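Structure at a glance
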Amino acid sequence: MKLISWNVNGLRACLTHDFAASFAALDADVFSVQETKMQPGQADFAPEGYTEYTYSAEKKGYSGTACWCKTVPLSVTTGIGIEEHDHEGRVLTLEYPESYLVNCYTPNSQDGLKRLDYRMTWEDAFRAYLLELDAKKPVILCGDLNVAHQEIDIKNAKTNRMSAGFTDQERAKMTELLAVGFTDSFRAIHPDEVKYSWWSYRFHAREKNAGWRIDYFIVSNRIADKIKAAEIHNEVFGSDHCPVELDIDL
């Protein structure tokens with residue numbers, strides 16, 4: 001099973017930058033995107049052989065997730081079942097016979113860490129949701145999780161120490177998630193590789209490869225041995241993020 005995840009930073013904008021060609025070339029069994037920034041029907045994209053599932057934020061032009069699937073899932077769930085967290089289109093869960101695939105766009109703590117307290121509440125609720133699923137069958141979590149976990153995952157660790165996405169608090173929540181039974185697939189396969197999935201649009205960051213690795217495939221520990229490959233496609237353009245890939249034999 002080949003899975004792709006990509007924060008497209010606005011699907012309609014990405015479609016004008018060869019998204020359809022990238023989608024076809026990556027040829028995923030399930031293609032998950034985050035930050036669609038749209039309501040259903042606002043984009044003209046219907047790839048042959050795929051079924052589409054979307055979850056839009058109530059606020060127009062904001063957040064949102066979507067999946068295109070070659071195989072129709074057993075069930076599809078939007079949100080995590082908690083009123084406080086289910087207005088921004090952030091979590092789309094597909095149930096398959098062998099596993100759950102959870103497509104997530106984690107809230108950003110924002111400039112000045114204005115949303116850090118909310119982010120901490122979200123992290124605890126989302127971890128509980130994943131554990132609830134994991135008690136039934138293995139989980140594959142993908143998406144823009146808005147945190148560079150370790151210093152190897154960010155170009156300028158010292159100067160970004162308390163920036164949104166690299167605060168001690170956010171990094172500790174990722175450590176906590178992995179500690180309760182999950183594996184960071186890229187880091188498991190590439191323990192020492194420096195590779196990024198997001199670059200600021202400012203200061204020619206992508207040209208200089210001054211990036212962050214904040215896009216992930218995280219899997220239940222008990223299926224970690226089934227990972228065949230985990231890749232970051234930083235040769236693919238169209239967004240300030242690039243696609244990430246998981247190949248897993250379930």
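Residues numbered from 1 in each chain as written. Predicted model: local features only at pLDDT ≥ 70, side-chain atom pairs only at ≥ 80, totals over all residues. Heavy atoms only, no water.

**Section: the nonpolar core**
Selection criterion: Nine residue types can take part in a nonpolar core, namely buried Ala, Val, Leu, Ile, Met, Phe, Trp, Tyr and Cys, and a core is a set of them joined through side-chain atoms within 4.5 Å. The cut-offs for exposure are 20% and 50% of the maximum accessible area for each residue type, with area from a 1.4 Å probe on protein chains only; residues under the lower value are buried, those over the upper are exposed, and the others partly exposed. We count a stretch as a helix when DSSP gives it H or I for four or more residues in a row; a strand needs E for two or more, and each element gets its number in order from the N terminus. In what follows, residue pairs with any heavy atoms lying within 4.5 Å of each other are defined as contacts.
With 26 residues, the main nonpolar core has Leu 3, Val 30, Leu 94, Ile 140, Leu 246 and Ile 248 as its most contacted residues. Only strand 3 (51-55), strand 4 (65-69), strand 6 (91-95), strand 8 (139-144), strand 12 (215-220), strand 13 (227-232) and strand 14 (244-248) provide two or more residues apiece to this core. Beyond its immediate chain neighbours, meaning those up to four positions away, Leu 246 contacts Met 1, Lys 2, Leu 3, Ile 140, Ser 185, Phe 217, Val 219, Ile 227 and Ala 229. Ranked by size, the runner-up nonpolar core spans 22 residues in total, among them Ile 80, Val 102, Tyr 118 and Leu 177.

**Overview of the side chain of Ser 56**
In plain terms, the rule: N or O atoms closer than or at 3.5 Å make up a polar contact, with two conditions inside protein: a donor-capable atom paired with an acceptor-capable one, and, for residues adjacent in sequence, both atoms drawn from side chains.
With respect to the element layout, Ser 56 can be found in the loop between strand 3 and strand 4. Taking relative accessible area as the criterion, Ser 56 reaches 17% and is therefore assigned buried. Separated by 2.9 Å, the side chain of Ser 56 and the backbone oxygen of Met 38 make a polar contact. Not counting residues within four places of it along the chain, the set of residues in contact with Ser 56 comprises Met 38, Gln 39, Pro 40, Gly 64 and Gly 89.

**Focus on the packing of aromatic side chains**
Condition: Aromatic rings from Phe, Tyr and Trp, with only the six-membered ring used for Trp, were paired whenever their centres fell within 6.5 Å, and each pair was classed as stacked if the ring planes differed by under 30 degrees, edge-to-face if by over 60, and tilted otherwise. A ring is considered to have a charge above it if a Lys NZ or an Arg CZ atom is located within 6 Å of its centre and within 35 degrees of its normal.
The final tally for this structure, using the stated rule, is 13 aromatic pairs. With a centroid separation of 5.1 Å and 70 degrees between ring planes, the pair formed by Phe 19 and Phe 45 is classed as edge-to-face. Separated by 26 residues along the polypeptide, Phe 19 in helix 2 (residues 19-26) and Phe 45 in the loop between strand 2 (30-34) and strand 3 bring together distant segments of the chain. Each ring, one from Trp 122 and one from Phe 126, has its centre 5.4 Å from the other, and the planes form 15 degrees; the classification is stacked. Of the two residues, Trp 122 and Phe 126 are both situated in helix 3 (residues 116-134); the distance of four residues between them amounts to about one turn of the helix. Across this residue pair, the class does not change: Trp 122 and Phe 126 are buried. The cationic tip of Lys 137 hangs over the ring face of Tyr 100; the distance from NZ or CZ to the ring centre is 5.4 Å.

**With respect to the sheet that holds strand 14**
Stated precisely, the cut-off is as follows: In this scheme, strands are said to pair when DSSP sees at least two bridges between them. Fitted lines through C-alpha atoms give the axes, limited to the stretch in contact for helices. The angle between two N-to-C directions lies from 0 to 180 degrees.
In space, the six strands of this open sheet follow the order 3-4-2-1-14-13, with mixed pairing throughout. Of all the strands in the sheet, just strand 3 and strand 13 have a single pairing partner and so form its edges. Averaged over all neighbouring strand pairs, the angle between strand axes comes to 10 degrees, with direction disregarded. Of the pairings in the sheet, the one linking strand 2 to strand 4 comprises five bridges and is antiparallel in character. The partner of Ser 32 across the bridge, within strand 4, is Cys 67.

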